[in-house]
Amino acid sequence: MATEYERKRLENIRRNDEMLAALNVRAKASILTAATKRPRDDSTKSYKKKEKQSKPETPIVMRKSLRTRGLDPDSVGLPNWFSDYPKRIPTPPQQYSSAPLQKSSARVLAPLPFDKAYDGEGSYKKFVETMLGTTASKSMVKDDCDDSVGDSSSTRRRSSRLSNAVVQKEEPVSSSGFVKKEAFVKKSCRGKLVTKDENGDSPMSSGNDCLKKEVIKPEKIDFEKIEFDREPLSLEPHNVARVVPGRILVVKFMPCQNVKLVAAGDKLGNVGFWNMDCGDEDDDDDDGIYLFRPHTAPVSSLVFQQNSLSKVISSSYDGLIRLMDVEKSVFDLVYSSDDAIFSLSQRPNDEQSLYFSAGYGMLYVWDLRAGKSVLNWDDLHEHRINSIDFSPQNPHVMATSSTDGTACLWDLRSMGATTPKTLKTVNHSRAVHSAYFSPSGLSLATTSVDNYIGILSGANFEDISMISHDNATNRWISTFRGVWGWDDSYIFVGNRPSKGIDVISTKLKRTVKELHDPLMKAIPCRIHCHPLNVGVVAGSTAGGQVYVWTPK
DNA sequence: TTTGGCGTTAAAGCA
DNA sequence: TGCTTTCCACGCCAAA
């Protein structure tokens, strides 16, 4: 229950804020600050804001339900304005265009048009064109799934399937819920139309695709041409950009081979897109970086819709899930809640369902078509769930990681109970920030702040090995998450002291490579390996920069 | 047992 | 170049 003291404290905060708002002190202070600020010397490519973002004038309010606040659902509890506290600050009608100070606090429980969400300086016209496929007719898109927050695991799976030539079919599942390893047949798929399923139907053909897609023929993607093991990766100056202003929590490549586009979500609620092909130095109005602000709190995950790459789902600590629909130029509101959403994922080949975690240990299955929750568990973990991922071998098997110090494997088919049992639980001594399946689905990698990266393998994931790795961060940088490369051989994870990326061999159980470059000025906390282009790796930092390594 | 304060220390912004 | 500010990740520990 909220204490008397807490109520008084909140009441004081509210009164003070109303007084400041009435005096318009903050707006005036902001004007003074803007008038006296120096232009920043920024030699690297960067997003351009409409106006300098002043520091937040209100505290970030973490979304918390009555339940997690310890209040009864029918309790009067905190005043109504508390959950939407920032909205109480008087805002002018043009808040989105000329008053980022006010804008920074408003949680809009409605679809948000691009015009209102856009926070860049130039035009986003080219971005829309690119996303709608007018320049992407050569694009090739993946055939199946995307993944969970801030990682790279399942978006790579297609590429891995191609490179490993692992034939995917309806896998037999053991009684324990795990796929029988021996059921898989390795053979070359060169020349096959890998985007078609067993019935000959292309999973890409459904839906109102915006991009002009082309069936991927394996011979078009010569994975052997680029051998990550042998060819070093390099960081070119033009592959460095500041995409968003705040600390990045999630970075994702658009799963498209011929359009080099990176999306990043930051602590302030921004979602930035960087079209790396758009490098027209003469065009001051469009440098390929497009900054939107669909959320008012940290963006926890970004997922490109599996069969419609012009749609991007975002989740946030502000309790909202939005669907960016480029065709309609709007960030639709999919879900809203008082609980912070810490992770979101989709199962392979099921783009109608969202799996997301909220508050402290809750997990929801949301039907996009029906617009409602079809399943939920209140206490899947004892603390926040940091990642959700699905086995590419068997999409019924889900992996979660949590601040409660565990990573768990679940069988979705036997989770009807209110307190479902795990298939496997991995115990770390501290918070676990990720648990991602390898591209083949045969291994799982967990990353914990206890300074270990766990590798689970074996037919039933019974073989657990812990690789020592310095995963310590602090409050100013995002926690590390080990992500898989393009096959089961390597895991990529940030290195704080060296400001680089460690490449860990799962076979040797140690770091075998380090990606360093003098251009790297900050720690790459969140990493994504391009799902279709082997050797292309993005690292993102607390300063909002994205660094993209490419094969030499 | 719960709660809240504190230490940690990266990186932008500013003078 | 150096100082200030940021401020909800996490663990530790003392106080309630």
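Residues numbered from 1 in each chain as written. Chains lettered and ligands numbered in written order. Predicted model: local features only at pLDDT ≥ 70, side-chain atom pairs only at ≥ 80, totals over all residues. Heavy atoms only, no water.

Q: I'd like to hear about the overall build of chain A, residue by residue, with values.
A: Of regular secondary structure, chain A possesses seven helices and 30 strands. Here the contacts in chain A between residues at least 6 apart in sequence split such that 57% fall between residues at least 24 apart. When the accessible surface of chain A is summed, it comes to about 23000 Å², and 49% of that surface belongs to carbon and sulfur atoms. (Helix = DSSP H or I, 4+ residues; strand = E, 2+ residues; numbered from the N terminus. Contact = heavy atoms within 4.5 Å. Areas by Shrake-Rupley, 256 points an atom, 1.4 Å probe, with all protein chains shown as cover.)

Q: Summarise the pairing of strand 18 (residues 406–411); cite the residues concerned and give the values.
A: In terms of burial, strand 18 is a largely internal element, six of the six residues being buried. Residue alternation in strand 18 divides its side chains into two sets, Thr406, Cys408 and Trp410 and Ala407, Leu409 and Asp411, and both sets are buried. Where strand 17 (residues 397–402) meets strand 18, five bridges bridge the pair, whose relative direction is antiparallel. When the sheet's bridge partners are listed, Val397 is paired in strand 18 with Asp411. The antiparallel hairpin formed by strand 17 and strand 18 contains three residues in its connecting segment, where Gly405 sits at a positive phi of about 95°. Pairing geometry for strand 18 and strand 19 (residues 424–427), over four bridges, is antiparallel. When the sheet's bridge partners are listed, Ala407 is paired in strand 19 with Val426. (Buried < 20%, exposed > 50% of the residue type's maximum accessible area, 1.4 Å probe, protein only. Pairing = 2+ DSSP bridges.)

Q: Got a sec to walk through the environment of Leu368? Specific residues and values, please.
A: Along the chain, the position of Leu368 falls in the loop between strand 14 (362–367) and strand 15 (372–377). Taking the C-alpha atoms as reference points, Leu368 and Gln352, 16 residues apart in sequence, are found 5.2 Å from one another. If we ignore the near neighbours within four places in the chain, the residues touching Leu368 are Gln305, Val334, Gln346, Glu351, Gln352 and Leu354.

Q: An account of the nonpolar core is needed here, citing residue identities and associated values.
A: The biggest cluster of nonpolar side chains holds 30 residues, and the ones touching the most others in it are Ile491, Phe492, Ile501, Leu515, Val537 and Trp549. Where this core is concerned, the elements lending two or more residues are strand 3 (233–242), strand 22 (452–457), strand 24 (483–484), strand 25 (490–495), strand 26 (500–505), strand 28 (526–529) and strand 30 (545–551). Top element by residues in this core is strand 25. It accounts for four residues. If we skip the residues at most four places from it in the chain, Ile501 touches Phe492, Val493, Lys513, Glu514, Leu515, Pro524, Ile527, Val537, Gly539 and Trp549. (Core = buried A, V, L, I, M, F, W, Y, C linked by side-chain atoms within 4.5 Å.)

Q: Explain the pairing of strand 6 (residues 271–275) residue by residue, including any values.
A: With five of its five residues buried, strand 6 lies for the most part within the structure. Side chains Val271, Phe273 and Asn275 of strand 6 all project onto a buried face; the interleaved residues Gly272 and Trp274 project onto the opposite face, where all are buried too. The hairpin turn running from strand 5 (residues 261–266) into strand 6, its antiparallel successor, is four residues long, and Gly269 in that turn takes a positive phi close to 100°. Taken together, the four bridges between strand 6 and strand 7 (residues 289–292) define a ladder with antiparallel strand orientation. Along strand 7, the bridge assignment pairs Gly272 with Leu291.

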